[in-house]
Amino acid sequence: MRAAAILGQGNIARAVAKLQRAARVEWTSLIEQADVAVLFGGDGTLHRHLSTLVELEIPLLVVPCGSGNDFARALHLGSVGTAVRAWRTFVGTGANVRSIDLGTLSNPGSPALEPRYFSCIAGVGIDSEIARRANALPRWLRGKGGYALSVPGELLRFSPLPMKVCHNGTVEAFKPTLLAAVANAPSYGGGMKIAPRARLDDGKLDVCIVRGMDRFKLFCLFPTVYFGRHLDFPEVEYMQAPAVKIETEQPLEVYADGEYIAQTPVEFGVAAKVLKVVVP
């Protein structure tokens, strides 16, 4: 068996050593020649390699070494030790591989933009601004909860913007909106369960929309997202759909898996069971 290592940035040396000791395989620097890919990193590193992994159709093991690790969390790979145990099982029997969905994103106003895959969540609104601020922090600080540290300032600054979110054949008017999150996995930002009902293999996107509210109520809502309890707020709309379109009166940045992708308008879909992953 030949394995290719995909290395993210940060302190990954110890994790790499643990995995290499766990089972003897032949390592190659060319992913095109590999039977399995092992990614040492987080959601951003994974995002940049999704197209290649889908094209090659090889299994992927994620070893959580990033700042957020929400995709690994969705696969129940919450630690390096769990990933090492999953690796031993895979090398021994190969029985712990499953196929999961990915979200897709395209911009109908920009034909030059190829459809992009995302593994966790794409967002428009306040969460995009938070992601942009978090990405500008020093790397060591991002790894210590940079997304959460960037939230309070945006809660004070950001105002609802006119946004239209169309799904399941609905045609909506523009409404004052704080954020629209389109989810393939339950969480982003290092454990914020913005889409607590999302599943990686159900062929659907989960959509969470937070409409305009006063800042005091918004500060009250924020902590509840870590437990998925924000769905009880009347300003929060939640639904599932195979496709979603988001329009804004002025172009807004769209982030997916913590990375800048495009500007609105954007269309989202589901690529069903296109990624093979190694699970515990």
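Refer to the structure presented above.
Given the structure is predicted, the values throughout are model-derived calculations rather than measurements. (Residues numbered from 1 in each chain as written. Predicted model: local features only at pLDDT ≥ 70, side-chain atom pairs only at ≥ 80, totals over all residues. Heavy atoms only, no water.)

Let us look at the overall build of the chain. When helices and strands are tallied, the chain shows 9 helices and 15 strands. Computed over the C-alpha atoms, the radius of gyration of the chain is 19 Å, within 12% of the 19 Å expected from 2.2 N^0.38 for a compact globule of 280 residues. Taking the principal axes of its C-alpha atoms as reference, the chain extends roughly 55 × 35 × 30 Å. A buried classification covers 52% of the 280 residues belonging to the chain. In the structure as shown, the chain presents an accessible area of about 12,600 Å², 52% of it carried by carbon and sulfur atoms. Distance between charge centres in the chain, computed from 30 positive and 26 negative side chains, equals 9 Å. (Helix = DSSP H or I, 4+ residues; strand = E, 2+ residues; numbered from the N terminus. Rg over C-alpha atoms; globule rule 2.2 N^0.38 Å. Buried < 20%, exposed > 50% of the residue type's maximum accessible area, 1.4 Å probe, protein only. Areas by Shrake-Rupley, 256 points an atom, 1.4 Å probe, with all protein chains shown as cover. Lys, Arg positive; Asp, Glu negative; His and termini not counted. Charge placed at Lys NZ, Arg CZ, Asp CG, Glu CD.)

In this section: unusual backbone geometry. At the junction of Thr 264 and Pro 265, the peptide bond is cis and its omega measures out at 5° in the coordinates. By the secondary structure assignment, Pro 265 is in the loop between strand 14 (259-263) and strand 15 (266-278). Not every positive phi belongs to a glycine, and Glu 57 is a case in point at roughly 60°. At His 76, a position not held by glycine, the phi torsion is positive, near 65°. For His 76, the position within the fold is in the loop between helix 4 (70-74) and helix 5 (80-92).

Between side chains of opposite charge, a pair can form when the charged atoms approach closely. Evaluation of the coordinates by the stated rule reveals 8 salt bridges. Here Arg 48 ties to Glu 259 by a salt bridge, and the two come within 3.4 Å at their closest N and O atoms. Note that Arg 48 is positioned in the loop between helix 2 (43-47) and helix 3 (50-56) and Glu 259 in strand 14, a separation of 211 residues in sequence. Judged by its relative accessible area of 53%, Arg 48 is exposed. (Salt bridge = Lys/Arg side-chain N within 4 Å of Asp/Glu carboxyl O.)

This part takes up helix 1 (residues 13-22). Buried within helix 1 are the following residues: Ala 15, Val 16, Leu 19 and Ala 22. Here the buried residues of helix 1 occupy an arc of 125° about the axis, which is enough to place them on one side. Away from its buried face by more than 90 degrees, helix 1 exposes Ala 13, Arg 14 and Arg 21. Lining the buried residues of helix 1 we find strand 1 (2-7), strand 2 (26-28), strand 3 (36-41), strand 4 (60-64) and helix 5. (Arc of directions from axis to C-beta. Contact = heavy atoms within 4.5 Å.)

Counting residues in each nonpolar core, the largest one holds 73 residues, and the members touching the most others are Phe 40, Leu 61, Val 63, Phe 71, Trp 87, Ile 194 and Leu 275. The leading source of residues in this core is helix 5, at 6 residues. Setting aside residues up to four positions removed in sequence, Leu 61 forms contacts with Leu 19, Ala 37, Val 38, Leu 39, Leu 77, Ala 83, Ala 86, Trp 87 and Val 278. Within the second largest apolar cluster, 22 residues are counted, among which are Val 124, Val 165, Val 254 and Ile 261. (Core = buried A, V, L, I, M, F, W, Y, C linked by side-chain atoms within 4.5 Å.)

Attention now moves to the packing of helix 1 against helix 5. It is at 9 Å that the axes of helix 1 and helix 5 come closest, and there the two elements cross at 25°. Our classification of the angle between helix 1 and helix 5 gives roughly parallel. Helix 5 is crossed by helix 1, and the crossing has right-handed handedness. On the side of helix 1, the interface is formed by Ala 15, Lys 18, Leu 19 and Ala 22, while helix 5 contributes Val 80, Ala 83, Val 84, Trp 87 and Arg 88. Classifying every residue of the contact of helix 1 with helix 5 gives 7 nonpolar, no polar and 2 charged. (Axes fitted to C-alpha atoms, helices over the stretch in contact; angles between N-to-C directions. Parallel < 35°, antiparallel > 145°, perpendicular 65-115°, else oblique. Left-handed = near helix turned anticlockwise from the far one by under 90°. Nonpolar A, V, L, I, M, F, W, Y, C, P; charged D, E, K, R; others polar.)

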